[in-house]
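Listed here are the chains, written in short residue letters.
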Amino acid sequence: MTTIRKGLVLALGISMTALSAAACGGGDSEVPAAAGPNEHVELTLATFTEFGYEALIPEYERLHPNIKITHRKTGQGGPYAQDMMTKLAAGSGLADVQAVEEGHLSDILSKSSKFNDLSKIGPSAVSPDRWLSWKYEAGKDKNGKLLGYGTDIGPLAMCYRKDLLASAGLPSDPESVKPLFATWDSYFAAGAQYTAKTGKAWFDSAAQNFNAMVNQLPVGYLDTGDKLTVENNQGIKDAWGKVTDAVAKGESAKLTAFSNEWNSGFKQSAFATKACPAWMLGVIKEQAGPENAGKWAVTAAFPGGGGNWGGSYLTVPTQSKHPREAAELAAWLTAPEQQIKAFEAKGNFPSQAKALENPQLLTATDAYFGGAKIGELFAEQAKKVAKPQYKGPNDGQIQENVASPALQSVEQGASAADGWQRLVDGAKKLAR
């Protein structure tokens, strides 16, 4: 549980040039037949950061003696995604099984003709019921084509410093704090109380909370017709107002997530609460250090109900010469049994319904967070996530390269109105 997929959240803004170039590969009707049982097949598998597949690959090869797998593993998500989009545009070079991070999924879905429909070429035994419904549905394009088998997820809970909340006279045990984190209004109200009492920041970054709020909405930056909604989306306007009001009250530590200053902020007690997907626990442990063990806690609550941040899919590009074998490998890697093994190896939280009922998951605890039953806690949070929000082209870029800098400008002194206009204008440029 100590290795964390740090690259998941790095650099969503990637170059999308040359994507209009034609890519080779036909549709599902041209998918080659599967190889015979004695025919040697070489497959490539491309992933980034930590998927927990190191022990699974040789296991699969033992079960399938005619299959040889070459694993291409990239250290960070940003460079991986840029390389993937370049190869997609070029029409060659992608792996037979290509992992896609949630933040880049919208760009893949908009190029769905370049990927095989796994509901057609995958093993017949693979049922949609294998996954949480929202995870499965998010892997489809707007026409219902299934581009990806879901791997891990990042269900959201709230992490907080028990000692810091107690110093402000606020509840601090995991059960009693839940009302503070019930809604965004209650969360920011508690933050105002904390900041007024201590003179310190309540949360790390305005952008972190705003992104979570926007992702909870029925409609995000783009509607299903890929039309930009920002200017007239009341939900986004309300989220902007609440976050920037909290900034004006001094609740933000004004830190850019995953920057050196943000990393240092954990050790320096620069903020009291943190939006906390399952994989964030490892980040906190690494950055806060052993001296803060037991001070951090996590509770099964998140403002507005549930949410998800992070996770990936395994796709089979039409560039693959062995798509049916690739789909079979992707199906096996995303089976509940393998996802539990990946969780035990690297802490990747599974998206499969049966895996969320597995005793090995439900009994997992974390001593750093006071012995919290993190498996049970995040399984509970995962089931609170509503229907997936549609993500149109450039959705990730709007979030990372427009909304986040706009909020940072407000944290640095710009008015909320000026920051909002920056968001609207920047989103319009990307949506052209």
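Residues numbered from 1 in each chain as written. Predicted model: local features only at pLDDT ≥ 70, side-chain atom pairs only at ≥ 80, totals over all residues. Heavy atoms only, no water.

An unreviewed UniProt entry lists the chain under the name ABC transporter substrate-binding protein, with Amycolatopsis silviterrae given as the organism.

Let's shift gears to the pattern of salt bridges. Counting across every chain of the model gives 17 salt bridges. The closest approach of N and O atoms between Arg161 and Asp163, which form a salt bridge, is 2.8 Å. Relative accessible area serves as the criterion here: at 32%, Asp163 is assigned to the partly exposed category. The residue Asp395 makes a salt bridge to Lys391 at a minimum N-O spacing of 3.7 Å. In this structure Asp395 comes out as buried when scored by relative accessible area, which is 4%. A single network of salt bridges, built from pairs that share partners, joins Glu50, Glu54, Lys73 and Lys346. (Salt bridge = Lys/Arg side-chain N within 4 Å of Asp/Glu carboxyl O. Buried < 20%, exposed > 50% of the residue type's maximum accessible area, 1.4 Å probe, protein only.)

In a soluble, globular protein the nonpolar side chains are often hidden away together inside. Ranked by size, the top nonpolar core spans 85 residues in total, and within it Trp202, Phe210, Ile284 and Val298 carry the most contacts. Discounting residues that sit within four places of it in the chain, Trp202 has contacts with Leu165, Leu170, Phe181, Tyr187, Ala190, Gly191, Tyr194, Thr195, Glu251, Phe271, Ala272 and Thr273. Among the nonpolar cores identified, the runner-up in size contains 44 residues, and Ile57, Ile69, Ile108 and Leu118 belong to it. (Core = buried A, V, L, I, M, F, W, Y, C linked by side-chain atoms within 4.5 Å. Contact = heavy atoms within 4.5 Å.)

Our next topic: the environment of Ser320. Examined against the element boundaries, Ser320 turns out to sit in the loop between strand S8 (308–315) and helix H12 (323–333). In sequence terms Ser320 and Ser172 are 148 residues apart; their C-alpha atoms lie 53 Å from each other. Beyond its immediate chain neighbours, meaning those up to four positions away, Ser320 contacts Asp96 and Ala326. A polar contact of 3.1 Å, which involves the side chain of Ser320, links it to the backbone nitrogen of His322. (Helix = DSSP H or I, 4+ residues; strand = E, 2+ residues; numbered from the N terminus. Polar contact = N/O pair within 3.5 Å; in protein donor to acceptor, adjacent residues only side chain to side chain.)

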